[in-house]
Amino acid sequence: MVILEANKIHKTYGNKFNKHEVLKGLDISIEKGEFVSIMGSSGSGKTTLLNVLSSIDHISSGTITIEGKEISRLKEKQLAEFRKSHLGFVFQDYNLLDTLTVKENILLPLSITKTPKKEAELRFQTLANDLGIYELRDKYPNEISGGQKQRTSAARAFIHEPSIIFADEPTGALDSKSASDLLNKLSDLNQKLKSTIVMVTHDPVAASFCSRVIFIKDGQIFTQLHKGNEKRQSFFNDIMKTQSVLSGVQNEH
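This one's a predicted model, so the numbers in the text were calculated from it and none came from an experiment.

What counts, and at which threshold
Residues numbered from 1 in each chain as written. Predicted model: local features only at pLDDT ≥ 70, side-chain atom pairs only at ≥ 80, totals over all residues. Heavy atoms only, no water. Pairing = 2+ DSSP bridges. Helix = DSSP H or I, 4+ residues; strand = E, 2+ residues; numbered from the N terminus. Expected span 1.5 Å × (residues − 1). Buried < 20%, exposed > 50% of the residue type's maximum accessible area, 1.4 Å probe, protein only. Arc of directions from axis to C-beta. Contact = heavy atoms within 4.5 Å. Phe/Tyr/Trp six-rings, centres within 6.5 Å; stacked < 30°, edge-to-face > 60°. Lys NZ or Arg CZ within 6 Å of the ring centre and 35° of its normal.

Trainee: Help me understand the sheet that holds strand β2 (residues 18-31) in this model?
Mentor: For sheets, the rule is that strands pair by backbone hydrogen bonds, running either parallel or antiparallel. What the 4 strands build is an open sheet, ordered β2-β1-β4-β5; its pairing is antiparallel. Two strands close off the open sheet at either side, each with one partner strand: β2 and β5 (69-70). Pairing geometry for strand β1 (residues 2-15) and strand β4 (residues 61-66), over 5 bridges, is antiparallel. When the sheet's bridge partners are listed, E5 is paired in β4 with T65.

Trainee: Help me out: how do you make sense of helix α6 (residues 176-193) in this one?
Mentor: One turn of the α-helix equals 3.6 residues, which is why residues spaced by three or four share an orientation. Its 18 residues place the ends of α6 25 Å apart at the C-alpha level, agreeing with the 26 Å of an ideal helix rising 1.5 Å per residue. Burial in α6 covers these residues: S178, A179, L182, L183, L186, S187, L189 and N190. Looking straight down α6, one finds its buried side chains confined to an arc of 165 degrees; they lie on one side. Away from its buried face by more than 90 degrees, α6 exposes K177 and Q191. Buried residues along α6 sit against β3 (35-39), α4 (117-130), α5 (146-158), β8 (196-200) and α7 (204-207).

Trainee: Is there a simple way to think about unusual backbone geometry in this case?
Mentor: The general pattern is negative phi for most residues beyond glycine and trans for most peptide bonds. Of note, E169 is a non-glycine position whose phi angle comes to about 45 degrees, a positive value. If you trace the backbone, E169 turns up in the loop between β7 (164-168) and α6. Overall, E169 belongs to the buried group, its relative accessible area being 12%. Positive phi values are uncommon outside glycine, yet D218 reaches one of about 50 degrees. With respect to the helices and strands, the residue D218 is situated in the loop between β9 (212-217) and β10 (220-226).

Trainee: What am I meant to see in the packing of aromatic side chains here?
Mentor: In this description, an aromatic ring pair is defined by two values, namely the gap between the centres and the angle between the planes. In total, this model carries 3 aromatic pairs according to the counting rule given. What links up through ring pairs into an aromatic cluster is the set F89, F91 and F166. The side chain of R232 reaches across the aromatic face of F209, ending 4.0 Å from its centre.

These results come straight from atomic positions and should not be treated as a statement about function.
Here you go:
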């Protein structure tokens, strides 16, 4: 079942005198329950793609549909409501509120819904245990490590059971062990909850945890790799080979 579909999406910055086209008529579809990685060299358009798919930015033309709703046509207020219910986000810099505890940060998305307190507590306990941060529930962000912050951020993204979770370089600020811990947890949650995760990364190790890798070059899809029944090490090698043929270093958009 397709949960996200984007057709002929273009994204252009600037004005008629100085236009820069970042996305060039790109088509993409994501199946429910997929763990997909988007890769590409700096300037390829991968970050712009994540931003428009997740409604952080607007497309210039084309259509984006999530759960049968064409989000590219929604007004700002409708989009904000859709985002609250259907989308989860994990950012490279965590985006945690320093004045709230780990538990309060995680429960934040449920505080703006009518989720019963008992259900919210149960969801928190389950997710916090799955992510190995339950014992940190009363600590503040400045009292925990980067890896623990990112797992807190991930728990916050999952807590309201969104249709899709968008992750923007979630391992970018982590050491290799913390990154591996996070990716293992995300992979486990993807399997356990059948959650759909779309992740932008420059790291082939991170991408090897996914079921599919989409490579972007010059604002278009260059190629795709499907993991299938491959072992992660073998998939990693395939990713490295494909990445090696991508070239061009420009400013990231």
